Amino acid sequence: MGVMELLQIVAVVLVIGGIVAGVVMLSKKEGAAYDAVARKYGLAFSKEKQGTGLGNVRQSSLLQGAVEGVPVKLVATYETRGRMRMRGTWIATDNPTRVPPCAINVLGVAPKSDLHLVRTGDAAFDASRWITSDTPTAVRFLLTDEVRARLLACPQTEFKIVVDGGTLVLSFGGTPSSLAELQAPLDALLALAKAARK
Amino acid sequence: MSADHLEQLGRAHGFSVDELRSNLQGVLHPAQLARLRRRGRIAAIVLAVLGLACLVGGILGADEYQGSYMPSETTIREATQIRWAGVTLGGFFLLCAGISVYRRRKRNARYALGQVEVEQGPLHKIHVQGRGGAQDRYRFRVGGRAFDTLEAGWELLTEGAIYRMHCAGDELLSLIPVPYDLAGRDQLAREQEHFERTRHIKPSRLVQ
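Residues numbered from 1 in each chain as written. Chains lettered and ligands numbered in written order. Predicted model: local features only at pLDDT ≥ 70, side-chain atom pairs only at ≥ 80, totals over all residues. Heavy atoms only, no water.

### As for the sheet that holds strand S2 (residues 58-67) of chain A
Residue and element names in this part refer to chain A.
- Taking strand neighbours across the sheet as the criterion, the 9 strands line up as S1-S2-S3-S4-S9-S8-S5-S7-S6 in an open arrangement whose pairing is antiparallel. Each edge of the open sheet carries a strand with a single partner, namely strand S1 (44-50) and strand S6 (117-118).
- Sheet contacts for helix H5 (residues 179-196): S2, strand S3 (70-81), strand S4 (84-94), strand S8 (159-164) and strand S9 (167-173); angle to S9, the most-contacted strand, approximately 155°. (Pairing = 2+ DSSP bridges. Helix = DSSP H or I, 4+ residues; strand = E, 2+ residues; numbered from the N terminus. Contact = heavy atoms within 4.5 Å. Axes fitted to C-alpha atoms, helices over the stretch in contact; angles between N-to-C directions.)

### Quick notes on helix H5 (residues 73-112) of chain B
Residue and element names in this part refer to chain B.
- In a regular helix each residue adds 1.5 Å, so 40 residues correspond to 58 Å; H5 covers 57 Å between its end C-alpha atoms and thus fits that length.
- Where H5 is concerned, the buried positions are Thr75, Ala79, Gly86, Gly90, Phe93, Ala97, Ser100, Arg104, Asn108 and Tyr111.
- Looking one or two residues beyond H5, the residue adopting positive phi is Gly114, at roughly 75°. (Expected span 1.5 Å × (residues − 1). Buried < 20%, exposed > 50% of the residue type's maximum accessible area, 1.4 Å probe, protein only.)

### With respect to the nonpolar core
All names here are of chain A.
- Within the largest apolar cluster, 45 residues are counted, with the highest numbers of intra-cluster contacts made by Leu142, Leu151 and Leu170.
- Among the elements that make up this core, the one with the highest residue count is H5 (11 residues).
- Sequence-distant contacts of Leu142, defined by excluding residues within four places in its chain, comprise Val99, Cys102, Ile104, Val147, Val163, Leu168, Leu192, Ala195 and Ala196. (Core = buried A, V, L, I, M, F, W, Y, C linked by side-chain atoms within 4.5 Å.)

### Notes on the pattern of salt bridges
- Evaluated as defined, the whole model comprises 15 salt bridges over all chains.
- Of the charged contacts in the structure, one is a salt bridge between A:Glu146 and A:Lys194, with a shortest N-O distance of 3.0 Å. Remark: A:Lys194 occurs in helix H5 and A:Glu146 occurs in helix H4 (residues 145-153); sequence separation between them is 48 residues.
- Assessed through its relative accessible area of 53%, A:Lys194 is described here as exposed.
- One salt bridge connects B:Arg137 with B:Asp148, and the closest N-O pair in it is separated by 3.2 Å. Separated by 11 residues along the polypeptide, B:Arg137 in strand S2 (residues 137-142) and B:Asp148 in strand S3 (residues 145-149) bring together distant segments of the chain.
- By relative accessible area, B:Arg137 is classed as partly exposed at 40%.
- Residue classification places B:Asp148 among the partly exposed positions, given a relative accessible area of 47%. (Salt bridge = Lys/Arg side-chain N within 4 Å of Asp/Glu carboxyl O.)

### Notes on the packing of helix H3 (residues 30-38) of chain B against H5(B)
Residue and element names in this part refer to chain B.
- As a packed pair, H3 and H5 sit with axes 10 Å apart at the nearest point and diverge in direction by 170°. The angle between H3 and H5 falls in the class roughly antiparallel. Of the residues in H5, those touching H3 at Leu33, Leu36 and Arg37 are Arg104, Asn108, Tyr111 and Ala112.
- By residue class, the composition of the contact of H3 with H5 is 4 nonpolar, 1 polar and 2 charged. (Parallel < 35°, antiparallel > 145°, perpendicular 65-115°, else oblique. Nonpolar A, V, L, I, M, F, W, Y, C, P; charged D, E, K, R; others polar.)

### A few points about the sheet that holds S2(B)
Residues and elements named next belong to chain B.
- One open sheet accounts for 5 strands, arranged S3-S2-S1-S4-S5; its pairing is antiparallel. Pairing within the sheet leaves two strands with one partner each, and these edge strands are S3 and strand S5 (171-177). For this sheet, the mean angle separating the axes of adjacent strands, direction not counted, is 40°.
- Both strand S1 (residues 117-128) and S2 contribute to a ladder of 6 bridges, which runs antiparallel. Counted as the bridge partner of Val128 is Arg137 from S2.
- Where helix H2 (residues 17-24) meets the sheet, it contacts strand S4 (162-168) and S5, and its direction lies at approximately 90° from that of S5.

Written out as structure tokens, the structure is:
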């Protein structure tokens, strides 16, 4: 075996090792973020996996418990369906004051139509986020000063807030991979729960 | 919020405000009826023409291939194969044309009743990113029905908002956001009515 061949093998091994190490580090970083948030808020952290690598897979990271008496459940899911890959996260709490069912979209870009556009009156918020909803009264009720500030602090720019029957849900595309991506939306949901309990 | 939005929505989803007004009254607009009746006609014609071409081409082609004076056994066998291929292919296309005509007649009989089916509820937008050179898909769903649309039409819809969708069979006729009122009443009254009508609950303290 010549020196060049040996160098090629070493290079291949290094590249594969680097990729594996990167995946492991990313996984550990994600796990560390969930652990940190679970410790901070007193929530239980668990993982679920359905399916084998051969077919469709559904992997979920769950945080569950109560924060200052507010029940919270966070589910971040990675799912494969055929050639499709889906990542999504939702955080749910209850709706004890029976806020009427509504759907509120928080967008990072202006919508193409202003039919359902709702301005909050908060110049700082309205400059960088756009709200669409067919229930503007619910928007004004739920998006309090604190909720708007929490939403602005989130690294994610797009959210969906849905109140349906006894549940209030904040959801967004993607799964959190850092502490900020996990903690900021959770804080936003807690602020929403506070607003709904007014 | 104005009639402009409805026109914009109509342009993007293929209906006019007049057609929408007819659908809101539960009937098909004559233009929609004509459009629906036209659907599938070209496919049936193309299939029938293809079927006849294969049939005639196969039979005449086989005769031509065989020739008229002392053909060899191989030539006769090949000519028979050409004939059968033409008949089989032609028969298949003609069968498809027949099925298409039958379906059209059945659909048209239903359309002639002028009935409009209604779906009402929260609208869900679905965007599937195309991979490997495939085009992106833009879909929306209200109740049990989902339709594909173009990005421009998809962008005009609001996720989670309540829409009323008018359909005939598997065709979308028109759609309208429910709180939108052609008479133009004030927002609060519409919202209050919207809460009561669509969700079957009394308005809470949000709507005084």
